[in-house]
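# Analysis of the macromolecular model
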Amino acid sequence: MSSEIAAGDLAVPANEAPRSIPLRLCQTIVLVFLAAKIALMAAMPPYMDEAYYFLWGQHPSLSYFDHPSLIGWTQGASAAIFGWNLAGLREPVFLTLCGDLLVLYLFARRLRGDTWRDYFWLSAALFLTMPIMLAVTGVAIPDHLLVLCTLSAIYVLYAFLETVEADRPRWVFLYGGAAATGLALLSKYYGGLIGVAFLAALLVVPRYRGLFRSPHLYGATALAAIMQTPVLVWNIDNGLASLSFIATGRVGVTPWWTFSGTPGFLTGIVAVVSPFLIWPMVRVAVAGRPSPLRFPQALMWISTLVFLAASTVTGIIVHWNALAYLAAVPFLANYSKSRVLLIAHFAYAAIVFVLFAVNYSFVPLAAVLDDALYRMGWGHASDQAAGWSYGWNEVAAKVEELRRANPEAFLAATDYTIASELGFATRDQDVTSLSPRLDAFDFWFDPAAHAGKSAIIVTDGWRPLYPDVKARFASVEEGAAVTVDRLGYTIDHYTIYLGRGFEAR
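So, here's what we can say about the structure. Computed from a predicted model, the values in this text were never measured in an experiment.

All right, on to the pattern of salt bridges then. Evaluated as defined, the whole model comprises ten salt bridges. Close ionic contact of R486 with E394 constitutes a salt bridge, the shortest N to O distance being 3.3 Å. Residue R486 is located in strand β6 (residues 473-486), and its partner E394 is located in helix α20 (residues 392-405); the two are separated by 92 residues in the primary sequence. Residue E400 pairs with R403 through a salt bridge whose shortest N-O separation is 3.4 Å. On the criterion of helical spacing, the pair formed by E400 and R403 is a turn pair, its members being three residues apart in helix α20. With a relative accessible area of 25%, E400 lands in the partly exposed category. Salt bridges sharing common partners tie together E165, D167 and R207.

Right, dumping it as structure tokens:
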């Protein structure tokens with residue numbers, strides 16, 4: 001391993017632990033944020049996409065429509081072990097969070113040797129408090145798997161490049177990195193950028209180019225590719241539905257020449273990384289040494305440029321660029337030397353965490369803002385994603401009343417979002433979405449088997465009873481209504497219909 005790590009224009013000895021803030025303060029920050037995060041995971045109602053992926057797990061498949069296989073497989077296994085409840089929903093998230101911290105510990109030992117403690121605790125603090133990581137490592141969405149797989153791939157492939165530097169390549173690290181990359185790709189399709197960045201690093205560093213003559217490089221590449229067999233088979237069996245959706249389903253939101261998605265993407269990076277970590281992130285991206293750092297740097301640049309280019313033609317959600325942020329995380333402690341910036345960052349993270357917890361556990365902040373705007377006559381605020389997390393016990397109770405009167409009726413909703421929340425709340429894996437848009441429900445719901453039956457249809461203010469949905473029934477009548485309020489604020493209005501004579505299109 002190189003004896004020095006570049007820090008801007010200065011070379012910091014590898015055995016010099018960072019002393020930006022006292023160790024005890026750093027440990028306190030980690031433990032407080034970790035405890036708060038675990039408490040939120042145990043109490044926060046299911047987020048809409050979490051419920052969606054949980055239902056995937058109740059329908060085992062080689063792969064799925066929106067994403068590759070891993071989230072469905074892990075949610076199915078978790079439900080089988082822990083049950084249909086919050087523990088079954090989020091236990092995999094807790095386990096991957098532990099795995100994330102373990103990888104950061106291994107990185108600290110590799111980069112700092114016996115003086116790893118300060119480095120590890122600061123790395124863990126930065127990881128747990130970076131707003132984007134705070135969010136995606138706390139809910140059961142594919143990103144929590146992607147984070148662990150990406151950190152693991154970066155660690156193992158970085159270690160491999162260090163052995164190449166020492167002229168003693170350990171090929172087991174290369175194959176381990178390929179396996180981790182394969183799992184990242186099974187988490188989300190753009191996990192494949194890890195492999196692209198690694199190959200780019202081999203091209204950039206002259207002494208690494210000889211690896212292209214090694215059969216091990218092609219064997220490792222084949223391993224990562226073979227791991228994608230379930231996804232490829234599913235896509236072939238389903239007319240390349242998932243690959244087509246990823247390639248074209250999100251394009252065209254904005255005209256390509258307007259670049260209207262780009263400002264949002266760039267400002268979003270600042271918000272979700274933290275304004276006070278942008279400079280350390282930039283320093284990681286441009287550091288001159290050591291050579292193995294070229295791989296995570298390549299991942300930072302390639303991922304960011306890919307989504308920056310995509311932002312010119314479509315809206316980009318900033319967490320899609322998570323690979324770039326993750327590539328910097330293991331090295332940030334070495335470039336975070338300003339105590340003022342660190343304290344400001346931790347304060348910023350605490351504010352973000354409190355707002356996140358309030359928004360998804362007590363009352364959507366948009367509902368509070370909407371009430372204020374209404375009183376001032378200024379406009380309207382709306383947050384569907386947060387709003388759909390509330391009120392499902394009340395809705396489920398009304399649905400069960402209708403079900404007892406119509407036991408043959410199946411459960412449905414007008415969109416995958418509320419169909420997923422409805423299914424989780426009622427513990428009905430056969431719930432379906434009747435949305436005209438294609439979603440995962442279309443791949444396991446059999447319309448012909450439900451022809452002529454009645455349906456209990458849940459709608460809300462954001463997803464009403466569309467004419468296309470109503471037209472699929474011989475008759476539709478209103479059965480019940482539920483208004484969801486929290487802390488005196490109205491969040492949503494649900495209307496539950498009874499549809500008779502379902503038409504199997």
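Attention now goes to the environment of L465. Position of L465 among the secondary structure elements: in the loop between β5 (455-460) and α22 (467-470). On a C-alpha basis, the gap between L465 and T74 in space is 33 Å, while along the polypeptide they are 391 residues apart. Excluding its chain neighbours within four sequence positions, the residues that come into contact with L465 are T414, I457, T459, K470, V476 and Y497.

In this section: the packing of helix α4 (residues 86-112) against helix α5 (residues 116-129). Direction vectors running N to C along α4 and α5 enclose 145 degrees, while the axes themselves pass 9 Å from each other. The crossing of α4 and α5 is right-handed. Packed against α4, whose contacting residues are L97, D100, L101, L104, Y105, A108, R109, L111 and R112, the element α5 presents W116, Y119, F120, S123, A124, F127 and L128 at the interface.

We now examine the packing of aromatic side chains. According to the stated counting rule, one finds 36 aromatic pairs in the structure shown. Relative to F441, the ring of Y52 has its centre 5.9 Å away and its plane inclined at 35 degrees; by these criteria the two rings are tilted. Placement of Y52 in helix α2 (residues 48-57) and of F441 in the loop between β4 (432-433) and β5 is noted, with a sequence separation of 389 residues between them. Accessibility expressed as a relative area gives 1% for Y52, which makes it buried. A relative accessible area of 0% means that F441 is categorised as buried. Residues Y105 and F120 carry aromatic rings whose centres are separated by 6.1 Å and whose planes lie at 85 degrees to one another, so their mutual orientation is edge-to-face. With Y105 in helix α4 and F120 in helix α5, the pair connects residues that are 15 residues apart, well separated along the chain. Assessed through its relative accessible area of 26%, Y105 is described here as partly exposed. The lysine or arginine in question, R170, covers the ring of F173, its NZ or CZ lying 4.7 Å from the ring centre.

Next up on the list: a nonpolar patch on the surface. A surface patch of nonpolar side chains, amounting to about 530 Å² of accessible area, comprises W279, V282, V286, W301 and L305. The set of elements that each furnish at least two residues to the nonpolar patch consists of α14 (278-286) and α15 (294-310). Examined against the element boundaries, V286 turns out to sit in helix α14.

Once that is clear, we can look at the packing of α2 against helix α21 (residues 416-426). Running from amino to carboxyl end, α2 crosses α21 at an angle of 70 degrees, the nearest separation of the two axes being 8 Å. Classed by the angle they form, the pair α2 and α21 counts as roughly perpendicular. Handedness of the crossing formed by α2 with α21: left-handed. Contacts between α2 and α21 involve M48, D49, A51, Y52, F54 and L55 from the former and Y416, T417, A419, S420, E421, G423 and F424 from the latter. Residues that form the contact of α2 with α21 fall into these classes: eight nonpolar, three polar and two charged.

Of all hydrophobic cores here, the largest spans 148 residues; its most connected members are F127 and Y325. At 15 residues, the largest contribution of residues to this core is made by helix α7 (residues 142-165). Counting eleven residues, the second largest nonpolar core, distinct from the first, contains A412, L434, L465 and Y497.

With the exception of glycine, most residues fall at negative phi, and the peptide bonds are largely trans. Going from R289 to P290, the amide bond is cis rather than trans, its omega being -10 degrees. Note that P290 resides in the loop between α14 and α15. The phi dihedral of L240 falls on the positive side, at around 55 degrees, and the residue is not glycine. Note on placement: L240 falls in the loop between α11 (229-237) and α12 (241-249). Accessibility expressed as a relative area gives 42% for L240, which makes it partly exposed. One non-glycine residue with positive phi stands out, namely L487, at about 55 degrees. Its place among the elements puts L487 in the loop between β6 and β7 (489-502).

Scoring rules and cut-offs
- Residues numbered from 1 in each chain as written.
- Predicted model: local features only at pLDDT ≥ 70, side-chain atom pairs only at ≥ 80, totals over all residues.
- Heavy atoms only, no water.
- Salt bridge = Lys/Arg side-chain N within 4 Å of Asp/Glu carboxyl O.
- Helix = DSSP H or I, 4+ residues; strand = E, 2+ residues; numbered from the N terminus.
- Buried < 20%, exposed > 50% of the residue type's maximum accessible area, 1.4 Å probe, protein only.
- Contact = heavy atoms within 4.5 Å.
- Axes fitted to C-alpha atoms, helices over the stretch in contact; angles between N-to-C directions.
- Left-handed = near helix turned anticlockwise from the far one by under 90°.
- Phe/Tyr/Trp six-rings, centres within 6.5 Å; stacked < 30°, edge-to-face > 60°.
- Lys NZ or Arg CZ within 6 Å of the ring centre and 35° of its normal.
- Patch = residues over 30% accessible without salt bridge, like charges linked within 9 Å, V, L, I, M, F, W, Y side chains within 5 Å.
- Areas by Shrake-Rupley, 256 points an atom, 1.4 Å probe, with all protein chains shown as cover.
- Parallel < 35°, antiparallel > 145°, perpendicular 65-115°, else oblique.
- Nonpolar A, V, L, I, M, F, W, Y, C, P; charged D, E, K, R; others polar.
- Core = buried A, V, L, I, M, F, W, Y, C linked by side-chain atoms within 4.5 Å.

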